[in-house]
Amino acid sequence: NPNGMVNRMPTSGNYILSPGSWGTEVADLVGQPAYATLAIETEYNSSSRMLNIQTKAKFIKEALGQFNLLVCITEDSLVAAQANNDPTIGTVPIDTNYVNNHVLRGTVNGTWGEMLTEENVITGFDYINNFQIILESDWTPKHCHVVAFIYDNQVKSLLQVAEEKVIK
C-alpha cells in the first residue's frame, strides 16, 4: 500500500493500481475533453456550524446515461498515528505525528449521492443543487473542504470533480 483507482475504471483488467502507474493513467485522462463543468459555493455559519452548499453542473458535451452527483466533506491537518515503512522512525514503524490530509469525514447526500440526470443530459442547462449540513463538533471548519463529483451511475466512472474550502 498505497494502492488506488484512477477514474474507477480498469486498466489492463485491474481496478486497483500501484502508485507507479497512476501518472500514466491520469495523463491519458487529462488530455480528454470534459463532458461537464462543476462549481461549488459554500457559506458557513460559525455560530450554528451550519454549512450551506450550492453545486452548479453544466454539461458542455452530449452524454447518454444516468448521472449522479455526490457531495462529501473532507478534512486536512489531522494528526494521528500512521503505519510507516521508514526504519529511521524506530523498531515499530509507527509515526505518531503523521499529518493526514483529504480525510473523508462524511457524505452530504448519501453513500451514492443522488440522481442529477435521468436519461439524456440537457447540454448547456444549469443543474443546480442546494444542501445543508451541520459540521460535527470534532471537525475543524478551516481545514474542511467540500468535494463534489458527477459520475456515470451505470459504470461509476467520473465525469467531473470540484473542491471548495468551507471557509474561504
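Please read these numbers as outputs of a predicted model, since none were measured by experiment.

Conventions used here
- Residues numbered from 1 in each chain as written.
- Predicted model: local features only at pLDDT ≥ 70, side-chain atom pairs only at ≥ 80, totals over all residues.
- Heavy atoms only, no water.
- Helix = DSSP H or I, 4+ residues; strand = E, 2+ residues; numbered from the N terminus.
- Buried < 20%, exposed > 50% of the residue type's maximum accessible area, 1.4 Å probe, protein only.
- Contact = heavy atoms within 4.5 Å.
- Areas by Shrake-Rupley, 256 points an atom, 1.4 Å probe, with all protein chains shown as cover.
- Lys, Arg positive; Asp, Glu negative; His and termini not counted.
- Charge placed at Lys NZ, Arg CZ, Asp CG, Glu CD.
- Core = buried A, V, L, I, M, F, W, Y, C linked by side-chain atoms within 4.5 Å.
- Patch = residues over 30% accessible without salt bridge, like charges linked within 9 Å, V, L, I, M, F, W, Y side chains within 5 Å.
- Salt bridge = Lys/Arg side-chain N within 4 Å of Asp/Glu carboxyl O.

So what's going on with the overall build of the protein? Which residues, and what values?
Across its full length, the protein carries 1 helix and 10 strands. Going residue by residue from the N terminus, the α and β elements of the protein occur as α-β-β-β-β-β-β-β-β-β-β. C-alpha atoms of the protein, sized along the principal axes, occupy 60 × 50 × 25 Å. Residues counted as buried form 32% of the 168 residues belonging to the protein. Taking contacts inside the protein between residues at least 6 apart in sequence as the whole, the part at least 24 apart equals 65%. Surface exposure of the protein reaches about 10,200 Å², of which carbon and sulfur atoms provide 51%. Across the protein, the mean location of the 10 positive side-chain charges is 5 Å away from that of the 18 negative side-chain charges.

Which residues make up the nonpolar core, and what values do they have?
Grouped together as the largest cluster of nonpolar side chains are 28 residues, with contacts concentrated most on Leu 51, Ile 53, Phe 59, Ile 73 and Ile 150. Secondary-structure elements contributing two or more residues to this core are β1 (36–45), β2 (50–59), β3 (67–75), β8 (126–134), β9 (144–152) and β10 (158–165). Each residue touching Ile 53, except ones within four places of it in the same chain, is listed here: Ile 40, Glu 41, Val 71, Ile 73, Val 108, Asn 129, Asn 130, Phe 131, Ile 133 and Val 146.

An account of a nonpolar patch on the surface is needed here, citing residue identities and associated values.
A cluster of nonpolar residues, Met 5, Tyr 15 and Ile 16, forms a patch on the protein surface that exposes about 330 Å² of accessible area. For Met 5, the location among the structural elements is in the segment before α1 (19–30).

An account of the pattern of salt bridges is requested, with residue identities and associated values reported.
When the charged atoms of two side chains with opposite charge come close together, those side chains can pair. Within this structure, the stated rule accounts for 4 salt bridges. A salt bridge links Lys 58 to Asp 126; its shortest N-O distance comes to 3.4 Å. Remark: Asp 126 occurs in strand β8 and Lys 58 occurs in strand β2; sequence separation between them is 68 residues. Among the residues examined, Asp 126 registers a relative accessible area of 27% and is labelled partly exposed. A single network of salt bridges, built from pairs that share partners, joins Lys 56, Lys 58 and Asp 126.

Remember that the coordinates give geometry; whether it matters functionally is a separate question.
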